[in-house]
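Structural features, examined
Letter by letter, the chains look like this.
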Amino acid sequence: YEIGIKSNLVDNQLQANLTYYNYKYTDLQVDFFNSAIFAYITYNAGSARSEGVELELEYAPYSIPGLRLRGNLNYNEARYEDFIAPCYGGQSIAAGCSLVVGGVPSQDLSGSATSAAPDWTGTIGVSYETELSSDLKFGTNVDMRYSDSYISSSFGDPGTTQSSYAIIDAGLRIGAADDRWQLALIGKNLTNKFYFTGGGTAPSTGSGTGTAAAIPGDNIGYGAFPRTVTLQGTVRF
């Protein structure tokens with residue numbers, strides 16, 4: 001469920017929205033990569049809950065037509081409520097691999113964070129659009145996105161921790177006043193920040209899983225796109 005309030009303030013120049021949400025997922029399925037046998041296995045994670053608060057702001061001052069300032073701040077606590085999970089490759093007893101279920105070394109992840117679920121995320125941006133003539137208009141924008149640190153593995157592997165990061169996107173565009181055509185220069189991740197959105201144990205690495213003498217496996221991550229710059233043309237008929 002969600003509970004929130006939407007408001008228009010400062011003579012309708014400022015829009016402010018505040019939302020509390022609470023989602024519960026049951027019979028959640030999670031894919032586990034078993035590095036020892038080089039295969040994906042689907043597990044039922046039982047249940048998980050995502051609870052948080054989101055604040056959205058957008059300001060469009062009458063004194064500067066076409067200017068918009070916007071921001072978003074979100075706190076999200078996403079946790080497994082009930083999940084007896086397989087251990088990641090090379091996880092020791094001391095690291096939590098202290099159960100055996102169906103002959104498989106296992107761990108209790110109840111209360112642990114789900115995959116790629118940072119507690120804090122936020123955006124801040126500015127855009128401006130103006131008419132150059134009766135037939136032509138110009139626009140630009142700059143946006144920054146921030147993410148708190150998170151574990152990208154669905155199985156609590158601390159080796160897959162992604163530290164907090166921020167990326168910047170920007171764009172320039174010129175086109176017809178009636179939107180019949182537009183030419184845009186779009187930049188994504190302009191600071192060329194390397195970060196990954198998923199990860200796990202590399203194939204055939206790690207040993208002694210579920211023992212006191214376990215040797216952790218190597219980690220692999222699935223990286224996001226690096227800096228990209230695109231020239232885009234649009235024609236509407």
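Structural notes, computed from the coordinates. Keep in mind the model is a prediction, meaning the values are calculated, not measured. For every chain, the first residue of the written sequence is number 1, and numbering continues from 1 onward in sequence order. Totals for whole chains, interfaces and linings use every residue, but because this is a predicted model, local features are given only for residues with pLDDT of at least 70 and side-chain atom pairs only at 80 or more, for both listing and counting. For the side-chain quantities, the full set of heavy atoms in the structure was used; hydrogens and water were omitted.

Let us look at the overall build of the protein. Elements are defined by DSSP. Helices are runs of H or I of four residues or more, strands are runs of E of two residues or more, and each kind is numbered from the N terminus. Regarding its fold elements, the protein presents zero helices and 18 strands. Note on method: radius of gyration uses C-alpha positions; expected globular size equals 2.2 Å times residues raised to 0.38. Since a compact globule built from 237 residues should have a radius of gyration of about 18 Å, the 23 Å found for the protein marks it as more spread out than a globular shape. Dimensions of the protein, computed from C-alpha atoms along their principal axes, come out at roughly 75 × 40 × 30 Å. Accessible area is worked out with a 1.4 Å probe on protein chains only. A residue is then buried under 20% of its type maximum, exposed over 50%, and partly exposed in between. For the protein, with 237 residues in total, the buried portion stands at 31%. Only the protein chains shown count as covering a residue, and every accessible area follows the Shrake-Rupley method with a 1.4 Å probe. Total accessible area on the protein is roughly 13600 Å²; 57% of this is exposed by carbon and sulfur atoms. Charged residues are defined here as Lys and Arg on the positive side and Asp and Glu on the negative side; His and the ends of the chain fall outside this count. Charge positions are represented by NZ for Lys, CZ for Arg, CG for Asp and CD for Glu. For the protein, the distance from the average position of its 14 positive side-chain charges to the average position of its 23 negative side-chain charges is 7 Å.

Another point: the state of the cysteines. We call a pair of cysteine sulfur atoms a disulfide whenever their separation is within 2.5 Å. If you walk through the whole model with that rule in mind, you get one disulfide. Cys-87 shares a disulfide with Cys-97; S-S distance 2.1 Å. Note on the Cys-87 and Cys-97 pair: the S-S dihedral is about 100 degrees, so by sign convention the disulfide is right-handed. Of the two residues, Cys-87 sits in the loop between β7 (84-86) and β8 (99-101) while Cys-97 sits in the loop between β7 and β8, which places them 10 residues apart along the sequence. Neither residue differs from the other here; Cys-87 and Cys-97 are each classed as buried.

As a working rule, side chains carrying opposite charge can pair if their charged atoms are close by. The salt bridge criterion pairs a side-chain nitrogen of Lys or Arg with a carboxyl oxygen of Asp or Glu, the two atoms within 4 Å. Taken as a whole and judged by the stated rule, the model has eight salt bridges. Note that Asp-119 is salt-bridged to Arg-79, the shortest N-O span being 3.4 Å. Of this pair, Asp-119 sits in the loop between β9 (104-108) and β10 (120-131) while Arg-79 sits in strand β6 (residues 67-82), and the two are 40 residues apart along the sequence.

Moving on: the environment of Thr-130. The topology assignment puts Thr-130 in strand β10. We classify Thr-130 as partly exposed; its relative accessible area is 25%. A C-alpha to C-alpha distance of 49 Å links Thr-130 and Pro-158, two positions 28 residues apart in sequence. The contact rule is simple, with two residues in contact once any of their heavy atoms fall within 4.5 Å. Ignoring any residue separated from it by four or fewer positions in sequence, one finds Thr-130 in contact with Lys-137 and Phe-138.

The next point concerns the sheet that holds strand β14 (residues 165-176). Pairing is antiparallel in the open sheet, where nine strands are placed in the order β1-β2-β5-β6-β10-β11-β14-β15-β18. Of all the strands in the sheet, the pair left with one neighbour each is β1 (2-9) and β18 (228-235). Taken pair by pair, the neighbouring strands of this sheet meet at an average axis angle of 10 degrees, ignoring direction. The pairing criterion for strands is at least two bridges between them, as found by DSSP. Pairing geometry for strand β11 (residues 136-147) and β14, over 12 bridges, is antiparallel. Paired with Thr-140 across the bridge in β14 is Leu-172. Orientation is described by axes fitted as lines to C-alpha atoms, over the contacting stretch for helices, and by angles from 0 to 180 degrees between their N-to-C directions.

Turning to the packing of aromatic side chains, a few remarks are in order. Here the aromatic set is Phe, Tyr and Trp, taking the six-membered ring for Trp, and pairing holds for ring centres within 6.5 Å; pairs whose planes are under 30 degrees apart are stacked, those over 60 apart are edge-to-face, and all others are tilted. In this structure the tally under the stated criterion is eight aromatic pairs. Between Phe-83 and Phe-155, the ring centres sit 6.0 Å apart and the planes meet at 50 degrees, which makes this aromatic pair tilted. Residue Phe-83 is found in the loop between β6 and β7, and its partner Phe-155 is found in the loop between β12 (150-151) and β13 (161-162); the two are separated by 72 residues along the sequence. An aromatic cluster of at least three residues, connected via ring pairs, comprises Phe-32, Tyr-43, Tyr-80, Phe-83 and Phe-155.

Right, let's get into the sheet that holds β7. On the basis of which strands lie adjacent, the open sheet formed by three strands has the order β7-β9-β8 and antiparallel pairing. Pairing within the sheet leaves two strands with one partner each, and these edge strands are β7 and β8. Across the sheet, the axes of successive neighbouring strands diverge by a mean angle of 50 degrees, strand direction being ignored.

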